[in-house]
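For reference, the chains in residue letters:
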Amino acid sequence: MEGREHTGQVPQDVRVERERRFRDGELQVLYCSPTMELGIDIADLNVVHMRNVPPTPANYAQRSGRAGRSGQAALVMTYCSMGSGHDQYFFQRPLQMVAGAVAPPQIELANEDLVLAHIHAIWLASTSFDLGTMIHDIIDTDQPDLPLHAEVRRRLTLDPSATARCNAMCADVLRTVLPTLVNLPWFHADWLVEHLAGAVVQFDHAFDRWRELYQLADNQLQEAIALRRRAHRRGSLTPREIKDADRSYQDAVRQKDILCNIQSGGKSDAEFYPYRYLASEGFLPGYNFPRLPVRAFLRTDVDDGTFIARPRFLALAEFGPQNIIYHEGRKYQVVRSMLPSGSAERRLRQAKICTPCGYFHEGHAADVCEQCGTPLHGNQARIFDHLFEMTTVSTRRIERITCEEEERRREGYRITTHYRFAAASGTLRRVRAQVQGEGFMPLALSYGAQATIWRMNHGWKRARKEGFTLDLQHGLWNKAPDEADEGDPLEQSSDRREDVRIVVHDTRNILLIQCDPQLAADDEQIMSLQNALQRGIKESFQLEDQELQSELLGEGALRQILIWEAAEGGAGVLRRLVDEPSALAQVARTALEICHFDPETGVELPAGDSCARACYRCLLTYSNQPQHSRLNRYAVRDMLRGLASARVERQSVTLSTHDTTSLSTSIRRVMEYVRSNGGREPTIEGDDTKRYLRFGRTCLLCPAPGEDVTQLRDALIERGRVVYLIDPDRDVGEQIAPYPFWKS
């Protein structure tokens, strides 16, 4: 019996061929991701087997609806895993899934990046410019700096009448959500005009990641050609070196073909089809495409290869050094990070982490934690000097791997999570709320829209010391423990850096739950509360498992629960927990029922007869296995009962991050120009060593004479910002007067 995959990573022509073979009976089994939910009609299909309970009734209706479409009887089987709390919840309540009402879709309308992506879509439609099927028709690859083609830039520049029409269309769209936007710190009267005026610049910046990948492939190609030329000189290259040079050449050609969408013939499902690429970069609405992904290059055959993409947080582990990637029945090992021209040194950054609360401070300058006020000295802070921002990785194909090696790799990495609130005008953008009620220890909530989540890979769990070793010139990673040998090329490298941690970051809506110090210090109570609330939020708002994540941060009495919306753009449910007085109470009632207690009386339900402390129908899941011995549903019953009748009282609170009198001379002179010319007040962001001015999506870097801000500039561009560098030796007006972003 033959079975094949049907997923988004399978090329479209291969998927279509597999659908044909499946429809004709040549292929007996098709293993599908959600790609099969919509638009696929196998007329005589009569059996669907779901290996787990779908996330929502809407997903169940789509997946089960693949069978019985021609009127014949159909058998739909759903396997409810004992290791999944979600599956067990609906195993006990099948009608809520099989015949349940489909909830309206949820989305966070207050997300600036999401709103802006739709504005860009309207702007691009207004230009009437067809991007075509290949990015090199947009980017001039004959020029070293890979600019936009002059004709493309001309076609994208709207004349005054077209600009007015585009502005009117966008204003009509924004008017539908204006009540949500008017009270947000990032929105202002000129927000729309500013971003439409800068749309061409932002469109250009959206291709920076493609430019980097193209330059990497081109550099590899030139190096391989130069090396291969030496093959016919006496005593130059060994047969092994010649073979490696040929392989490197072929890989580089293949990468450039993929980047230019040549190999696929310009197909729209290709990774670098222009519209799909712009969606993955966040310039256009992405929907099902991961935003700002990390990519891995797999050499799938002698003359073939492909890029696969993963969301950043998933890629941190899946594309980690020496990890095994499974793709189309083959195995690949991550061996190298692909580096831009020059050393990896420029991608290394520094940070200081507050030990008690887990807050992330860029650089080493912070002396006091912005979040909790703890002095950042001694064991109150962890200082990191070599944080490497994850890049596209390269792999080597593995023909054989033993069971023992595979089992060792399953042990995984040490990964920690940290956070940082967005800042505006020297204050942290957060909303605080108190949970008021009787019979439970008080809780404080802190909600942050578009906060930054940092995830850090500290190395293999089985390694004796933390951190990786990186070859700064070639991007090679050290081998995993028990695998290093004398032939390890990193051992002979003179330009390497030890104690390197790999980091990724992205913006997310977050909710911090700060408990009574006594509860925070009790592992059993705080871990049980964390998992009960996460399960309660998911089931109350019908969220998929991957749409909401939680983690315990900090130490001792300041330990707190961090919950974040992992869905693209955010589902908007965490904001509701601080905006709606009774939303948390509903979550608590759902959590009580999940924990086998009657939400009204607290009496144990019959479903709890076989559950002593916790089970896979309530608090246990595969993902929280390290906490299993400490989870106890009885430990949080009284707390949840109190929350079930409590109300949330919201209050807006800001915390000053710095006094404007301490700003550098370079920043002050820009602010003085803006104020004296009637401009709008910028927000001041960054840490004590690297502050900058932000006008919505546009950032002004104001370095002192001789100061290098390349790293900060690259980081901001990676977050989708439009960045201008203010030369300290030139007049401010000459540099910003032509642009509208700062004007009132």
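Scroll up to find the structure this text is about.
Since the structure is predicted, the reported quantities are computational estimates derived from the model, not experimental observations.

J.: Tell me about the pairing of strand 2 (residues 29-32), and name the residues and values.
T.: One ladder, built from four bridges, connects strand 1 (residues 3-6) with strand 2; its direction is parallel. Following the sheet pairing, Glu5 is matched in strand 2 by Tyr31.

J.: Residues and numbers for helix 2 (residues 57-64), please.
T.: One full turn of an α-helix is made of 3.6 residues, so residues set three or four places apart face in the same direction. Pro57, Asn59, Tyr60 and Ser64 are the residues of helix 2 that are buried. The buried side chains of helix 2 occupy one side of the element, clustering within an arc of 155° when seen end-on.

J.: Which residues make up the pairing of strand 8 (residues 330-337), and what are the values?
T.: Pairing of strand 7 (residues 324-327) with strand 8, which is carried by four bridges, proceeds in the antiparallel orientation. Along strand 8, the bridge assignment pairs Ile325 with Tyr332. Hairpin connection, strand 7 to strand 8: the antiparallel pair is bridged by two residues, and Glu328 has positive phi, about 50°. Across six bridges, the pairing between strand 8 and strand 12 (residues 393-398) is antiparallel. Counterpart to Gln333 in the pairing with strand 12 is Arg396.

J.: Can you lay out the state of the cysteines for me, pointing to particular residues and giving the numbers?
T.: As enumerated under the stated definition, the model contains zero disulfides in all. Unpaired in terms of disulfides, Cys618 finds its nearest cysteine sulfur in Cys615, a separation of 3.7 Å.

J.: Provide a residue-level description of helix 7 (residues 160-175), including the pertinent values.
T.: Its 16 residues give helix 7 an end-to-end C-alpha distance of 22 Å, which sits within 8% of 22 Å, the value for a rise of 1.5 Å per residue. When helix 7 is considered as a whole, its buried residues turn out to be Ala162, Cys166, Cys170 and Leu174. Looking straight down helix 7, one finds that the buried residues subtend no more than 105° of arc, so they occupy a single side. Exposed and facing more than 90 degrees away from the buried side of helix 7 are Pro160, Arg165 and Arg175. Turning to helix 7, the residues buried within the fold contact helix 5 (112-127), helix 8 (178-181) and helix 9 (191-197).

J.: Which residues make up the packing of helix 11 (residues 208-229) against helix 12 (residues 239-259), and what values do they have?
T.: Interaxial distance between helix 11 and helix 12 falls to 8 Å at its minimum, and their mutual angle equals 150°. Taken together, the axes of helix 11 and helix 12 are roughly antiparallel relative to one another. Handedness of the crossing formed by helix 11 with helix 12: left-handed. Here helix 11 contributes Trp210, Leu213, Tyr214, Ala217, Asp218, Gln220, Leu221, Ala224, Ile225, Leu227 and Arg228 to the contact with helix 12, which in turn contributes Ile242, Ala245, Asp246, Ser248, Tyr249, Asp251, Ala252, Val253, Gln255, Lys256 and Leu259. For the contact of helix 11 with helix 12, the class distribution of residues is 14 nonpolar, three polar and five charged.

J.: Tell me about the packing of aromatic side chains, and name the residues and values.
T.: Aromatic ring pairs are defined here through the distance separating the ring centres and the angle between the ring planes. A complete count under the given rule lists 22 aromatic pairs for this structure. With a centroid separation of 5.7 Å and 85° between ring planes, the pair formed by Phe272 and Phe307 is classed as edge-to-face. With a gap of 35 residues between them, Phe272 in the loop between helix 12 and helix 13 (274-280) and Phe307 in strand 6 (residues 304-310) connect regions that are remote in the sequence. Judged by its relative accessible area of 0%, Phe272 falls in the buried class.

Rules behind the numbers
Residues numbered from 1 in each chain as written. Predicted model: local features only at pLDDT ≥ 70, side-chain atom pairs only at ≥ 80, totals over all residues. Heavy atoms only, no water. Pairing = 2+ DSSP bridges. Helix = DSSP H or I, 4+ residues; strand = E, 2+ residues; numbered from the N terminus. Buried < 20%, exposed > 50% of the residue type's maximum accessible area, 1.4 Å probe, protein only. Arc of directions from axis to C-beta. Disulfide = S-S within 2.5 Å. Expected span 1.5 Å × (residues − 1). Contact = heavy atoms within 4.5 Å. Axes fitted to C-alpha atoms, helices over the stretch in contact; angles between N-to-C directions. Parallel < 35°, antiparallel > 145°, perpendicular 65-115°, else oblique. Left-handed = near helix turned anticlockwise from the far one by under 90°. Nonpolar A, V, L, I, M, F, W, Y, C, P; charged D, E, K, R; others polar. Phe/Tyr/Trp six-rings, centres within 6.5 Å; stacked < 30°, edge-to-face > 60°.

On their own, these measurements won't tell you what the molecule is for.
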